[in-house]
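Residues per chain are reported as follows:
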Amino acid sequence: MTYEGVDFYDIESELTDEEKMVRDMARDWVEAEVVPNIEQACRDGVFPDEWRVALGEMGVLGMALDGYGCAGMSYVAYGLVCQELERGDSGVRSFASVQGSLAMYPIHDFGSEEQKQKYLPKMASGEWVGCFGLTEPDYGSNPGDMITKAVDEGDDYVLNGAKMWITNGTIADVAIVWAKLDGVIRGFIVEKDDPGFSAPEMTGKHSLRASVTSELVFQDCKIPKDRILPHVEGLKGPFSCLNNARYGICWGAVGAAQSCFHSAKEYALSRIQFGNPIAAFQLVQNKLAWMLREITKGQLLALSLGRKKDAGTWTPEQISLAKMNNVDMALEIARMARDIHGANGILDEYPIMRHMANLESVKTYEGTHDIHNLILGRHITGIQSFTREL
Ligand code: TGC
Ligand code: FAD
């Protein structure tokens, strides 16, 4: 059955021709390449290398950045692509998010001219893969207390420490690593062959199986002085990158929800119980109506946020609300869709369980659901509740 997007509120009419064009390109690619192959990639626990090449060829890596081989499209266009990629699988959207928002963006906005020229064109084409190292084994929600540090040793910086849960780490050519230099968080560009650096893959995941997740280990890792990102200091460096990636998730979660909704609708229309398609029963229709309602709200939220980003007016709290809402919505839709599929819902013949398991990670990464709640709580009350004296 051909995939139709969900567009109950005629969002199409609010998109530019360019936005529709790039969205359709991503949709066609996902339908042709990801949908037929994703279950095997998940069984094998790999991100197929040909997908890296294709994403580069489509020009969607760092597509909202200007110059240096990047397409310079709107953030709405980027969001629509995230929606389509995650309709295929969260792992595909993760790859593009990390590459564009978390690895290319800091070089683009905080890097030197030489760094931009050296890295961005190769990353935009997909030739070089990037990753983003913020989380540590002991510091996830609270990256401000990170242990990884850099020491100035004349011509070089020497890094020691470890990062964990790093998407694309093992396959990355370039790692953006956040570490403390004289107690201040700074961004460093580490290349895969730098001495003292390794990126072993983490195994045993039930979620995001078609995405590479890694540790980054620095043991007296020596990098030249010109690999520091010169134009940012402090946590606002990594958090600025996260703003863009969290925005991509807002749209991506809508894509995963659409996939589950589409599957549930088709299944409900074809599955006969008590002499009727189960779609004829009011309780099933209630679930489908709830899904359509929530997907539509999620799309409007994502579109509104994207337009604000393009106008330069969004706030981090608005991003938190949309990330939290849309992932929550998608996870609930995945659970409802599983229910509508009955026992068949647990099979990998349907995309439901894969999306559900993926969304558990999406709920946690880029700020957990509750951390985004607390960001909003701080906004509402003016009271910071992350740290408490016990
Ligand atoms: P806080 O005191 O709130 O802020 C410290 C400094 O950062 C600035 N800032 C921001 N700047 C830009 N954008 C934002 N969203 C910002 N949020 C904060 C802030 O203005 C301040 O600047 P300055 O100049 O005054 O120093 O910091 P805190 O330590 O109290 O942190 C609070 C909290 C909990 C909100 C924060 O730590 C947080 O968001 N934690 C969640 C961590 C997180 O999201 N990790 C993500 C890791 S990467 C990842 O998951 C990638 S998954 C990729 C994939 O596969 O798709
Ligand atoms: P913790 O911070 O230990 O949180 C555990 C629980 O405690 C959560 O429920 C949390 O909400 C709650 N909690 C914590 N603090 C508070 C508080 N103050 N108040 C109330 N509740 C609280 N990181 C990267 O840097 N780069 C990546 O590319 C990357 N990719 C990832 C890919 C995957 C598949 C996954 C699963 C994670 C990835 N991460 C990455 C890490 C991710 O960002 C962290 O897992 C996330 O920030 C949460 O940190 P944690 O797992 O240490 O949980």
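Note that residues are indexed from 1 along each chain, following the sequence as it is written. Written order decides the labels, with chains lettered from A and ligands numbered from 1. Note on the predicted model: pLDDT of at least 70 is required for a residue's local features to be given, and 80 or more for side-chain atom pairs to be given and counted; whole-chain, interface and lining totals, by contrast, use all residues. Only hydrogens and water are set aside when side-chain values are computed; all heavy atoms of the structure are taken into account.

Our next topic: the nonpolar core. Counting residues in each nonpolar core, the largest one holds 88 residues, and the members touching the most others are Trp 29, Leu 55, Leu 159, Trp 178, Phe 188, Val 190 and Leu 216. Per-element tally for this core: the top contributor is helix H5 (residues 90–110), with 10 residues. Ignoring sequence-local partners within four residues, the contact set of Val 190 consists of Leu 159, Asp 173, Val 174, Ala 175, Val 177, Phe 197, Phe 218, Cys 221, Ile 223 and Arg 227. In these notes, a set of buried Ala, Val, Leu, Ile, Met, Phe, Trp, Tyr and Cys residues joined through side-chain atoms within 4.5 Å is what counts as a nonpolar core. Burial here depends on accessible area, computed with a 1.4 Å probe over protein chains only, as a share of the maximum for the residue type. Under 20% is buried, over 50% is exposed, and the range in between is partly exposed. In terms of nonpolar packing, the next biggest core, distinct from the first, is built from 33 residues, Ala 257, Val 284, Val 327 and Ile 333 among them. Runs of E in the DSSP output that reach at least two residues are strands. Runs of H or I that reach at least four are helices, and both are numbered from the N terminus. The contact definition used throughout considers only heavy atoms, calling two residues in contact when any of these lie within 4.5 Å.

The next point concerns the packing of aromatic side chains. For this analysis, a ring pair means two rings from Phe, Tyr or Trp (six-membered ring only for Trp) whose centres lie within 6.5 Å, classed as stacked if their planes differ by under 30 degrees, edge-to-face if by over 60, and tilted for the remaining angles. Applying the stated criterion across every chain yields a total of 15 aromatic pairs. Here Tyr 105 and Phe 110 contribute two aromatic rings whose centre-to-centre distance is 5.9 Å and whose plane-to-plane angle is 80°, an arrangement assigned as edge-to-face. Here Tyr 105 and Phe 110 have matching classes, each one buried. Members of the aromatic cluster, each reached through a chain of ring pairs, are Trp 29, Phe 47, Trp 51 and Phe 95. As a reminder, the over-ring test applies to NZ of lysine and CZ of arginine, requiring each to be within 6 Å of the ring centre and within 35 degrees of the ring normal. Across from the ring centre of Trp 128, 5.1 Å away, lies the NZ or CZ of Lys 122, which sits over that ring. Over the face of the ring belonging to Tyr 157 we find Lys 225, whose NZ or CZ atom lies 5.3 Å from the ring centre.

What makes a residue near a molecule or strand is one non-hydrogen atom of that residue sitting within 4 Å of it. As a matter of local geometry, ligand 1 sits amid 27 residues, with Ser 94, Thr 167, Asn 243, Arg 246 and Glu 366 nearest to it. Nitrogen and oxygen atoms within 3.5 Å of one another constitute a polar contact, given that in protein one can donate a hydrogen and the other can accept it, and given that sequence-neighbouring residues count only through two side-chain atoms. Contact distances for ligand 1 include 3.2 Å between an oxygen atom and a side-chain N or O atom of Arg 93. Taking Glu 366, its main chain carries an N or O atom lying 2.8 Å from an oxygen atom of ligand 1. For ligand 1, the accessible surface in isolation is 1200 Å², of which the surrounding protein chains cover 73%. Of the two site types, the cavity is a set of points on a 1 Å grid over the protein atoms alone where a 1.4 Å probe fits but cannot get out, and the pocket is an open set with protein on both sides within 12 Å along at least five of seven lines, each lined by residues with an atom within 4 Å of a point. Cavities and pockets are treated as containing a molecule whenever more than half of the molecule's atoms lie within 2 Å of their grid points. Applying the majority rule of atoms within 2 Å of the grid points places ligand 1 in the largest pocket. Secondary structure elements with two or more residues in the shell around ligand 1: H5, helix H7 (236–270) and helix H11 (369–381). Working definition of accessibility: Shrake-Rupley area with a 1.4 Å probe, residue cover restricted to the visible protein chains.

Looking now at the layout of surface pockets. Taken as a whole, the largest pocket holds about 1300 Å³ of empty space. Along the wall of the largest pocket there are 43 residues; nearest its centre are Gly 140, Ser 141, Arg 246, Glu 366 and Gly 367. Those elements that place two or more of their residues in the lining of the largest pocket are H5, strand E5 (156–167), H7, helix H9 (316–340), helix H10 (352–364) and H11. Grid points are joined across faces, edges and corners, and a volume is the space filled by probe spheres set on the points. In this model, the second largest pocket occupies a volume close to 440 Å³. Taken together, 18 residues make up the lining of the second largest pocket; nearest its centre are Val 35, His 262, Ser 263, Glu 349 and Pro 351. For the lining of the second largest pocket, the leading source of residues is H7, giving five residues. Charged means Asp, Glu, Lys or Arg here, nonpolar means Ala, Val, Leu, Ile, Met, Phe, Trp, Tyr, Cys or Pro, and polar covers whatever is left, Gly included. When the residues that make up the lining of the second largest pocket are grouped by side-chain class, the tally is seven nonpolar, four polar and seven charged. Looking at which domains feed residues into the lining of the second largest pocket, each of domain 1 (11–124) and domain 3 (236–381) gives three or more. Segmentation of the chain into domains, including their bounds, is taken from an automatic or database domain assignment.

Remember that side chains alternate between the two faces of the sheet whenever the strand is regular. Criterion used throughout: strands pair if DSSP finds at least two bridges between them. In terms of strand pairing, E5 meets strand E9 (residues 213–224) through nine bridges, oriented antiparallel. Considered in E9, the bridge of Ile 166 is made with Ser 214. By the bridge criterion, two bridges tie strand E8 (residues 197–198) to E9 in an arrangement that is antiparallel. Looking at E9, one finds that Phe 197 is bridged to Phe 218.

Attention shifts here to the side chain of Ser 101. On the secondary structure map, Ser 101 appears in helix H5. Ser 101 sits in the buried class, given a relative accessible area of 4%. Here the side chain of Ser 101 touches Tyr 78 through a polar contact of 2.8 Å, side chain to side chain. Those residues within four positions of Ser 101 in sequence are excluded, and the remaining contacts are Tyr 78, Ala 96, Pro 106, Cys 241, Asn 244 and Ala 245.

What follows concerns the domain arrangement of the protein. Splitting the protein by domain gives domain 1 (11–124), domain 2 (130–227) and domain 3 (236–381). Contacts between the two partners involve 23 residues from domain 1 and, on the opposite side, 19 residues from domain 2. The term buried area denotes the loss of accessible surface (1.4 Å probe radius) that occurs when two parts are joined, taken as the sum for both partners. When the two sides are added together, the surface that domain 1 and domain 2 hide from each other amounts to roughly 1600 Å², 64% of it contributed by carbon and sulfur. For this analysis, a salt bridge means a side-chain nitrogen from Lys or Arg found within 4 Å of a carboxyl oxygen belonging to Asp or Glu. Applying the counting rule to domain 1 against domain 2 returns one salt bridge. One salt bridge connects Lys 118 with Glu 191, and the closest N-O pair in it is separated by 2.7 Å. For the side of domain 1 that touches domain 2, the secondary structure elements donating two or more residues are helix H2 (38–44), H5 and helix H6 (113–124). At 10 residues, H5 tops the list of elements feeding residues into the side of domain 1 that touches domain 2.

Here we come to helix H3 (residues 49–58). Listed in full, the buried residues belonging to H3 are Trp 51, Arg 52, Ala 54, Leu 55, Gly 56 and Met 58. Trailing H3 by a residue or two, Gly 59 shows a phi angle of about 80°, which is positive.

What follows deals with the site of ligand 2. Inspection of the region around ligand 2 gives 17 residues, with Phe 132, Thr 135, Ser 141, Trp 165 and Thr 368 positioned closest. Residue Phe 132 places a main-chain N or O atom 2.9 Å away from a nitrogen atom belonging to ligand 2. Trp 165 has a polar backbone atom sitting 2.7 Å from a nitrogen atom of ligand 2. For the shell around ligand 2, the secondary-structure elements that each account for two or more residues are E5, H10 and H11. It is E5 that contributes the most residues to the shell around ligand 2, three residues altogether. The residue inventory of the shell around ligand 2, partitioned by class, reads eight nonpolar, seven polar and two charged. The residue makeup of the shell around ligand 2 includes at least three contributed by each of domain 2 (130–227) and domain 3 (236–381).

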